[in-house]
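Residue-level structural notes
This is what each chain is made of:
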Amino acid sequence: MISFRDTTRHFPGPDGGFTAVDGIDLDVAEGEFTVLVGPSGCGKSTLLGIAAGLTEPSRGEVRVDGRPVRGPGPDRGMVFQQYALFPWLTVRGNVEFGLRTARVPRAERRRRAAHFIELVGLTEFADALPKTLSGGMRQRCAIARAYAADPRVLLMDEPFGALDSLTRSRLQEQLLEMWERERRTVLFVTHDVDEAVFLADRVVVMAARPGRIHRTVPIGLPRPRTAATRLTEAFTALRTDVWRAVHEQQPLNPPSTVPLER
Ligand SMILES: Nc1ncnc2c1ncn2[C@@H]1O[C@H](COP(=O)(O)OP(=O)(O)OP(=O)(O)O)[C@@H](O)[C@H]1O
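Residues numbered from 1 in each chain as written. Predicted model: local features only at pLDDT ≥ 70, side-chain atom pairs only at ≥ 80, totals over all residues.

**What about the site of the ligand?**
- In the neighbourhood of the ligand, 13 residues make up the surrounding shell, with Phe11, Ala20, Ser40, Ser45 and Thr46 lying closest.
- Looking at the shell around the ligand, the elements with two or more residues in it are strand S2 (18–28) and helix H1 (44–52).
- Broken down by element, the shell around the ligand gets its largest block of residues, three residues, from H1. (Near = placed C-beta within 6 Å. Helix = DSSP H or I, 4+ residues; strand = E, 2+ residues; numbered from the N terminus.)

So this is what it looks like as structure tokens:
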């Protein structure tokens, strides 16, 4: 469904500029949940931006369902870390927004928006403005909005990055519940190894300078996954495996030689 071929992005600048991602070859199958992890600056967001059509590759390409990406399109829904909701529109208004621009008739718009608002548990808040919602609720609204336009692919850039850890775990569980019911191809970016292992069919660990694929770890944990999945030995073993892959190309700092203050 998504295929990166030799995808490279160079940002020109003094001293020769900077190669954010270099020669990425990656295929994401239809309905697969793929998560990109890696140290800050390894090019995860750049890669997602290229798939979204927001950033042009300097070399290579990305195809979505066989068609080269030339710009943003309704076949790809985006969810960002910053909520990016329209503050003057209600939850329903936000969720309907893409449908309105796609000229979906009003009754159908209402029906589809209500369906996805219900799936993310915001029915009671359909008429609320974003400023009255918690961070987690805003992000649920952003997910409903991305889904409502019926994209084939969801591109998610640290969507839970700004949330506290309890809200974050709940939202991971809710996202998976939703994805089980409404399967889409997902490419998801995170720094968080636990989040990556919990969500993914496959974790792609990236390395920095230049951004490239370091290792791919298949996550064979059974689905549906629930909070209890996080307590299994299989989860812990995979988390250790991914954590090592992230850190073997970014060594931990040596222990401090400064004595602790008493
Ligand atoms: N418009 C730009 N101009 C110059 N350099 C850029 C630009 N956008 C990104 N970069 C550089 O490319 C590299 C990769 O950035 P990117 O945001 O894709 O990394 P990331 O892995 O998503 O990082 P983080 O996890 O911190 O968000 C970084 O070093 C960044 O400074």
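From this point, the discussion proceeds with the structure in view.
**Observations regarding the domain arrangement of the protein chain**
- Taken domain by domain, the protein chain comprises domain 1 (1–75 + 153–251) and domain 2 (81–150).
- The C-alpha-based centres of domain 1 and domain 2 are spaced at 24 Å.
- Contacts between the two partners involve 16 residues from domain 1, matched on the other side by 11 residues from domain 2.
- For the side of domain 1 that touches domain 2, the secondary structure elements donating two or more residues are strand S7 (153–157) and helix H5 (165–181).
- Top element by residues in the side of domain 1 that touches domain 2 is H5. It accounts for six residues.
- Among the residues forming the side of domain 1 that touches domain 2, the class breakdown is nine nonpolar, three polar and four charged. (Domains from an automatic or database assignment. Contact = placed C-beta atoms within 7 Å. Nonpolar A, V, L, I, M, F, W, Y, C, P; charged D, E, K, R; others polar.)

**Concerning the packing of helix H2 (residues 91–101) against helix H3 (residues 106–119)**
- Put simply, H2 and H3 touch, their axes get as near as 9 Å, and they point 130 degrees apart. Taken together, the axis directions place H2 and H3 in an arrangement best described as oblique. When the axes of H2 and H3 are compared, the crossing they make is right-handed. In this structure, H2 uses Val91, Arg92, Val95, Glu96, Leu99 and Arg100 to contact H3, whose residues at the interface are Arg109, Arg112, Ala113, Phe116 and Ile117.
- Grouping the amino acids of the contact of H2 with H3 by side-chain chemistry returns six nonpolar, no polar and five charged. (Axes fitted to C-alpha atoms, helices over the stretch in contact; angles between N-to-C directions. Parallel < 35°, antiparallel > 145°, perpendicular 65-115°, else oblique. Left-handed = near helix turned anticlockwise from the far one by under 90°.)

**Side note on the sheet that holds strand S9 (residues 202–207)**
- Taken together, six strands build an open sheet; the order of strands is S6-S7-S8-S3-S9-S10 and the sheet is mixed. Of all strands in the sheet, those bounded by a partner on one side alone are strand S6 (76–79) and strand S10 (212–218). Averaged over neighbouring strand pairs, the angle between their axes works out to 20 degrees when direction is ignored.
- Set on the sheet, helix H4 (residues 135–148) makes contact with S6 and S7; between it and S6 the angle comes to about 175 degrees. (Pairing = 2+ DSSP bridges.)

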